[in-house]
Amino acid sequence: MDCNEGQYAEVIDKSKASPLFTQKFLMRELEIWPRLRHRHIIQVERMFQIQDRIYVFMELAPGGSVIEYVQRYGAVDENVGRNWCQTIFSDTYCGSSSYVAPEVIESQPYDPIKADIWSAGVCIYVILNNAMPFDDSNLTRMHEDQVTRNWDFAPKIKKNISSSAKNLVARLLEPDPSKRPSMEQVLNCSWMRTR
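Note that the structure is a prediction, hence the values are computed from the model and not measured.

Asker: Quick one: what's the story with the overall build of the protein, residue by residue and with numbers?
Answerer: On a plain count of helices and strands, the protein comes out with ten helices and three strands. What you see in the protein, going N to C, is helices and strands ordered as β-α-β-β-α-α-α-α-α-α-α-α-α. Counting all 195 residues of the protein, 41% fall into the buried class. Taking the intrachain contacts of the protein between residues at least 6 apart in sequence as the baseline, contacts between residues at least 24 apart amount to 67%.

Below, the structure is given as structure tokens:
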């Protein structure tokens, strides 16, 4: 697809997405995404739909996404991950179903800050582990894995990262939003404050 210089086009094929994802997440994201304005969020410049395909034109991130970086170079050093996370926690989340908190999947009324804290937990996990904590190819199974805490770091990673990093991710990926830490607690935890 032709893009202006400095633009990237994402093509979302609704026919390949699960109906649950399309109904619960995609339409809301497409409504919210163009309105987000923050220096750490890629700006959507325009969108249009042709049949089952949605074309999203956005500014180009020349270095790629965090996920692409981790996939290309592997899990990052814990200190680098911490620095990235200090930036991530100031952002608003809008992303794939892989990052969605269980209460959002359940279509319950939810606290967006607590849901974002869950998403940040997924981000930290990915940055430190070079993998997603949950497989989103089946949302029902993913939800079950979320609420039963069916995730763990890869053995090689697990033995090399600090207990404070592991504890933080476990607290962020708490299925009960009332038990997740507040943003202030996260920013003041020992892992985030270590230099």
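Asker: So what about the environment of V104? Which residues, and what values?
Answerer: Relative to the assigned elements, V104 resides in helix α4 (residues 102-105). A C-alpha to C-alpha distance of 8.9 Å links V104 and F25, two positions 79 residues apart in sequence. When sequence neighbours within four positions are dropped, the list of residues in contact with V104 reads F25, R28, Y110 and A115.

Asker: Give me the lowdown on the pairing of strand β3 (residues 53-59), citing residues and values where you can.
Answerer: As a general feature of sheets, a regular strand has side chains that alternate between the two faces. Most of β3 sits out of view: five of its seven residues are buried. The sheet contact formed by strand β2 (residues 44-50) and β3 spans six bridges and is antiparallel. Of the residues in β3, the one forming a bridge with Q49 is I54. In this structure, the hairpin formed by β2 and β3 is closed by a connection of two residues, where Q51 is found at a positive phi of approximately 55 degrees.

Asker: Before we move on, can you summarise the nonpolar core with the specific residues and values?
Answerer: A general trend in soluble globular proteins is that nonpolar side chains are found buried together. One finds V56, I124, L128, F153, L168 and W191 to be the most contacted residues of the largest nonpolar core, which totals 45 residues. The set of elements that each furnish at least two residues to this core consists of α1 (19-32), β3, α4, α5 (112-129), α6 (139-147), α8 (163-172) and α10 (190-193). Take this core: its biggest share by element is ten residues, from α5. Among residues more than four places away in sequence, those in contact with L128 are A75, V76, E78, F153, I157, I161, A165 and W191.

Asker: Help me get a handle on α8, residues and values and all.
Answerer: Three- or four-residue spacings in an α-helix give side chains the same orientation, since the helix completes a turn every 3.6 residues. Every buried residue of α8 is listed here: A165, L168, V169 and L172. The buried residues of α8 occupy an angular sector of 95 degrees when the element is viewed end-on, so they sit on one face.

Asker: Give a description of unusual backbone geometry that names residues and reports values.
Answerer: Positive phi, normally seen in glycine, also occurs at Q51, with a value near 55 degrees. Of note, Q51 is situated in the loop between β2 and β3. Q51 sits in the exposed class, given a relative accessible area of 73%. Phi at N130 is positive, roughly 60 degrees, even though this residue is not glycine. Mapped onto the secondary structure, N130 falls in the loop between α5 and α6. A residue is classified by how much of its surface remains accessible, and N130, at 32% relative accessible area, is partly exposed.

Conventions used here
Residues numbered from 1 in each chain as written. Predicted model: local features only at pLDDT ≥ 70, side-chain atom pairs only at ≥ 80, totals over all residues. Heavy atoms only, no water. Helix = DSSP H or I, 4+ residues; strand = E, 2+ residues; numbered from the N terminus. Buried < 20%, exposed > 50% of the residue type's maximum accessible area, 1.4 Å probe, protein only. Contact = heavy atoms within 4.5 Å. Pairing = 2+ DSSP bridges. Core = buried A, V, L, I, M, F, W, Y, C linked by side-chain atoms within 4.5 Å. Arc of directions from axis to C-beta.

Purely geometric numbers; function is a separate question.
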